[in-house]
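One-letter residues, chain by chain:
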Amino acid sequence: MWGMMNLPIRPRRNRKSEVVRGLMRESSLTASHLIYPMFVQEGDADTPIESLPGCTRWSVKGIVGECRRLLELGIGCIDLFAVVPEGRKDPQGSEAWNPEGVVPRAIRAIKEATPQMCVMTDVALDPFNTYGQDGIVREFPGGGYEILNDETVEALVKQALCHARAGADIISPSDMMDGRIAALRAALDAEGFASVSLMSYTAKYASALYGPFRGALGSAPKFGDKKTYQMDPGNIREAMREAELDAAEGADFLMVKPATLYLDVIAEMRRRTSLPIAAYHVSGEYLMVKAAAKSGWLDERAAMMESLLSIRRAGADMILTYAAPDVARWLAE
């Protein structure tokens, strides 16, 4: 018979019941922490997305109905992305600031039907231009190309103002151009939109995990890559520099994207800033759990909840995730 060990400190005492575990839980996940990325398209059809199972390309009418359901689930913020027909794309991406484009119309319809829904909008040119690049492209006669920074920022200002005029609550530039936060803040304030927030894609990495999203949006680059503006996955100090710049330029929220493969970036950013931090649980991260669960290798609910809780534990205040409706339902059960 084993005797009792002389252990005055027994950490397991703090794990002995659900009540005790709940009392000392350091990180939590609720529906109020979730932002749901949504795709809106022209026409009357709501189309399931093959590359993102469980997600839909919504019509304007359909997205209004879905927003009502999301509010009932406790999800109070969405992020709008445009699905643009090829015939409306041009080299400048001018459909991005068309006041009768699908995003401004969706904003107006959502705010009219569900004024309490917080509407965030993506600001970048890749869904709108013929190149699938986030900025304006200059091609060289002998071959090669350059993504023009300052000219792109001018276009982003027009896009952001278009969304603000339609009623957007938060503008979220995902382009990674230099100086765009300062330019957007100045333009919004000058037009009387001082209450419109800016959520900057501060550390958006040139990740291999965006493929399903680009399939859903039809925004894959037609040539080249995005490494001259998205960040190198090996870098973290660079992300801190971007965070300092965005904070100084007037960002209201900072974002790290992707999330679960960049928990160290989230944690370091949390230590260095008092600004709220968002993390984007991207399409590849979402789909890895979905695919493994479909194959029977993972419990989808448990794995998804653990993944999102890890993002909160690292220091994110809010999470953009395609799993938001499912997670909200699970949390309510």
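Residues numbered from 1 in each chain as written. Predicted model: local features only at pLDDT ≥ 70, side-chain atom pairs only at ≥ 80, totals over all residues. Heavy atoms only, no water.

A. Examining the overall build of the protein chain more closely. On a plain count of helices and strands, the protein chain comes out with eleven helices and twelve strands. Computed over its C-alpha atoms, the radius of gyration of the protein chain comes to 21 Å, within 12% of the 20 Å expected for a compact globule of 333 residues. Among the 333 residues that make up the protein chain, the fraction classed as buried is 54%. About 15,400 Å² of surface is accessible on the protein chain, with carbon and sulfur atoms providing 53% of the total. Looking at charge distribution, the protein chain has the averaged site of its 38 positive side-chain charges lying 8 Å from that of its 44 negative ones. (Helix = DSSP H or I, 4+ residues; strand = E, 2+ residues; numbered from the N terminus. Rg over C-alpha atoms; globule rule 2.2 N^0.38 Å. Buried < 20%, exposed > 50% of the residue type's maximum accessible area, 1.4 Å probe, protein only. Areas by Shrake-Rupley, 256 points an atom, 1.4 Å probe, with all protein chains shown as cover. Lys, Arg positive; Asp, Glu negative; His and termini not counted. Charge placed at Lys NZ, Arg CZ, Asp CG, Glu CD.)

B. Inspection of the pattern of salt bridges at higher detail. In this structure the tally under the stated criterion is 24 salt bridges. Its salt-bridge partner being Lys226, residue Asp126 comes within 3.4 Å of it at the nearest N-O pair. Placement of the pair is Asp126 in the loop between β5 (118–123) and β6 (136–139) and Lys226 in the loop between α6 (211–217) and α7 (237–249), with a sequence separation of 100 residues. Look at Lys226 and you get buried, because its relative accessible area is 5%. The residue Arg301 makes a salt bridge to Glu333 at a minimum N-O spacing of 2.6 Å. Of this pair, Arg301 sits in helix α10 (residues 300–314) while Glu333 is found in the segment after α11 (324–332), placing the two residues 32 residues apart along the sequence. Classification of Arg301 by relative accessible area gives partly exposed; the value is 35%. On the basis of relative accessibility, which here comes to 67%, the residue Glu333 falls in the exposed class. Through salt bridges that share partners, Glu42, Arg88, Glu95 and Arg105 make up one connected network. (Salt bridge = Lys/Arg side-chain N within 4 Å of Asp/Glu carboxyl O.)

C. Expanded view of the pairing of β6. Both β6 and strand β7 (residues 145–148) contribute to a ladder of four bridges, which runs antiparallel. When the bridges of β7 are listed, Arg138 appears paired with Glu146. Linking β6 to β7, which pair antiparallel, is a turn of five residues; within it Gly143 sits at a positive phi near 110 degrees. (Pairing = 2+ DSSP bridges.)

D. Structural detail: the packing of helix α2 (residues 60–73) against α11. Two numbers describe how α2 lies on α11: the axes approach to 9 Å, and their chain directions differ by 35 degrees. In the packing of α2 onto α11, the handedness of the crossing is left-handed. Residue-level contacts link Arg69, Leu70 and Leu73 of α2 to Pro325, Ala328 and Arg329 of α11. Residues of the contact of α2 with α11, tallied by class, amount to four nonpolar, no polar and two charged. (Axes fitted to C-alpha atoms, helices over the stretch in contact; angles between N-to-C directions. Left-handed = near helix turned anticlockwise from the far one by under 90°. Contact = heavy atoms within 4.5 Å. Nonpolar A, V, L, I, M, F, W, Y, C, P; charged D, E, K, R; others polar.)

E. Molecular detail of the packing of aromatic side chains. The final tally for this structure, using the stated rule, is six aromatic pairs. Each ring, one from Tyr205 and one from Tyr262, has its centre 4.3 Å from the other, and the planes form 25 degrees; the classification is stacked. Residue Tyr205 is located in the loop between β9 (197–204) and α6, and its partner Tyr262 is located in the loop between β10 (253–257) and α8 (263–272); the two are separated by 57 residues in the primary sequence. Here Tyr205 matches Tyr262 in class, with each residue buried. Three or more aromatic residues joined by ring pairs make a cluster, and in this case those are Phe39, Phe81, Tyr201, Tyr280, Tyr286 and Tyr322. Of note, Lys257 hangs over the ring of Tyr210, and the distance from its end group to the ring centre comes to 4.9 Å. Over the ring of Tyr280 we find Lys257, and its NZ or CZ is 4.4 Å from the ring centre. (Phe/Tyr/Trp six-rings, centres within 6.5 Å; stacked < 30°, edge-to-face > 60°. Lys NZ or Arg CZ within 6 Å of the ring centre and 35° of its normal.)

F. Local environment of unusual backbone geometry. The omega angle of the peptide bond from Lys257 to Pro258 is -5 degrees, so this bond is cis rather than trans. Relative to the assigned elements, Pro258 resides in the loop between β10 and α8. Positive phi, normally seen in glycine, also occurs at Met176, with a value near 70 degrees. Met176 gets classed as buried once you look at its relative accessible area, which sits at 5%.

G. Inspection of α7 at higher detail. The terminal C-alpha atoms of α7 lie 19 Å apart, and with 13 residues this matches the ideal 18 Å at 1.5 Å per residue to within 8%. For α7, the full list of buried residues reads Ala239, Met240, Glu242, Ala243 and Asp246. Projected onto a plane normal to the axis of α7, the buried residues spread over an arc of 160 degrees and lie on a single side. Seen from the open side of α7, the exposed residues pointing more than 90 degrees away from its buried face are Arg237, Arg241, Glu244 and Ala248. Looking at the packing, one finds that the buried side of α7 touches α5 (180–190), β9, β10 and α8. After α7 finishes, the residue Gly250 shows a positive phi value of roughly 110 degrees. (Expected span 1.5 Å × (residues − 1). Arc of directions from axis to C-beta.)

H. Focus on the environment of Glu268. Its location among the elements puts Glu268 in helix α8. The class for Glu268 is buried, based on a relative accessible area of 18%. Measuring from C-alpha to C-alpha, the distance between Glu268 and Ile236 comes to 8.4 Å, with 32 residues separating the pair along the chain. The residues contacting Glu268, other than those within four sequence positions of it, are Ile236 and Met240.

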